Amino acid sequence: MIVFTQEQHNNMLQCFGESFVNKLPTKLEFFAKQWELSDFSLIEYYSVNCLFYCQSEEYGDCVLKVFGCDYHWYIDEINVLNEFKGNRRYVQAHECNKELGALLLERISPGETLKAEASIDKRLSVFSETWNKAHIIPHELEIYKSYLETVVIAAGQPWAIGDNPVLRRMAGDMVISCRELYLKYPERFLLHADLHGDNLLKSNNGDYIIVDPHGRIGPPICDLGRFIANEYADADEYSKAQTVDYIINNLSKAFQLDKNDIQKAFFVDFTLMTCWDAEDGSVNLDGALFAQSLLQH
């Protein structure tokens, strides 16, 4: 099937754990038979999913995504991609296996991320066009968590309400800001909930395709925060404030949205990330504090 180098094996052990790595060859053999796959090669991107390039008898060039860790959290991704089947804005899922936690996806080539685009104006243009067409009302609204529910759950985690008084206060403020957005914007659409430059891949025709949806329900304005947060994180130390201000002003004009509401979405999403990141004990509040400072001004 596939032979891993020692370095690849060690990286997978560190990322996914021994149990996952030991079961992986059997899973790959099963998927190869089930979906008529061959020519596996590991994509050396170690996150929460194990990714492989492969060849399908039926679909041609594909990517096999085997969910690592507690893959049941990613059932939402499978559901979202099924909702968007045939919609060329989203990567197409050819096959899925919810029981074993796997997706067979079309391969996006050349697959460069929007994040790799040097021009901020180009990144803004692509993101704006994508965001404007990225949301639908799903067939089964009730199978997804709401974005607000996700925020409330994160704010109530032990590491968010624990020993760090600043994070505890900000988590409470995050919930308040999110509720305010929900009250002001009554639309309830299927959100990507992780829409940023790393999750937009360039195709051969120059369009950017959306990948890795989390799947939450809420007003589309909530899908603006993560893009701004990632642009903030990627900017150098001396241009972060200027970059965020430029992006928020442009998004406000493009979508006729109140600038303060976009700042709230930015604050909510950055604080949400910070709450989840705090699980391992390493809390960096700089980004969330900066986002909140915009609201205080």
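Our structure's up above, just so we're on the same page.
Calculation notes
- Residues numbered from 1 in each chain as written.
- Predicted model: local features only at pLDDT ≥ 70, side-chain atom pairs only at ≥ 80, totals over all residues.
- Heavy atoms only, no water.
- Helix = DSSP H or I, 4+ residues; strand = E, 2+ residues; numbered from the N terminus.
- Buried < 20%, exposed > 50% of the residue type's maximum accessible area, 1.4 Å probe, protein only.
- Salt bridge = Lys/Arg side-chain N within 4 Å of Asp/Glu carboxyl O.
- Core = buried A, V, L, I, M, F, W, Y, C linked by side-chain atoms within 4.5 Å.
- Contact = heavy atoms within 4.5 Å.

### Quick word on unusual backbone geometry
Consideration 1: Going from Ser-109 to Pro-110, the amide bond is cis rather than trans, its omega being 5°.
Consideration 2: The topology assignment puts Pro-110 in strand E6 (residues 110-113).
Consideration 3: Of note in this structure, Asp-39 is not a glycine but carries a positive phi near 55°.
Consideration 4: Its place among the elements puts Asp-39 in strand E1 (residues 37-43).
Consideration 5: Asp-39 sits in the exposed class, given a relative accessible area of 59%.
Consideration 6: The phi dihedral of Gln-256 falls on the positive side, at around 55°, and the residue is not glycine.
Consideration 7: Tracing the backbone through its elements, the reader meets Gln-256 in the loop between helix H8 (240-255) and helix H9 (259-277).
Consideration 8: For Gln-256, a relative accessible area of 70% puts it in the exposed group.

### Some points on the pattern of salt bridges
Opposite charge on two side chains allows them to pair when their charged atoms are near.
Consideration 1: Enumeration according to the criterion identifies 15 salt bridges in this entry.
Consideration 2: Note that Glu-29 and Lys-33 form a salt bridge whose closest N and O atoms lie 3.6 Å from each other. One end of the pair, Glu-29, and the other, Lys-33, are both in helix H2 (residues 18-35), four residues apart, so they sit about a helical turn from each other.
Consideration 3: Its relative accessible area of 40% is what places Glu-29 among the partly exposed residues.
Consideration 4: The shortest N-O distance in the salt bridge between Asp-173 and Arg-169 comes to 3.4 Å.

### Remarks on the nonpolar core
Consideration 1: With 76 residues, the main nonpolar core has Phe-127, Tyr-147, Ile-221, Leu-224, Leu-251 and Phe-266 as its most contacted residues.
Consideration 2: Ranked by residues supplied to this core, first place goes to H9 with nine residues.
Consideration 3: Once residues within four sequence positions are removed from consideration, Phe-266 is found in contact with Gly-225, Ile-228, Ala-229, Tyr-232, Val-244, Ile-248, Phe-290, Ala-291 and Leu-294.
Consideration 4: Formed by 21 residues, the second largest nonpolar core is a distinct cluster that contains Ile-2, Val-21, Phe-40 and Val-66.

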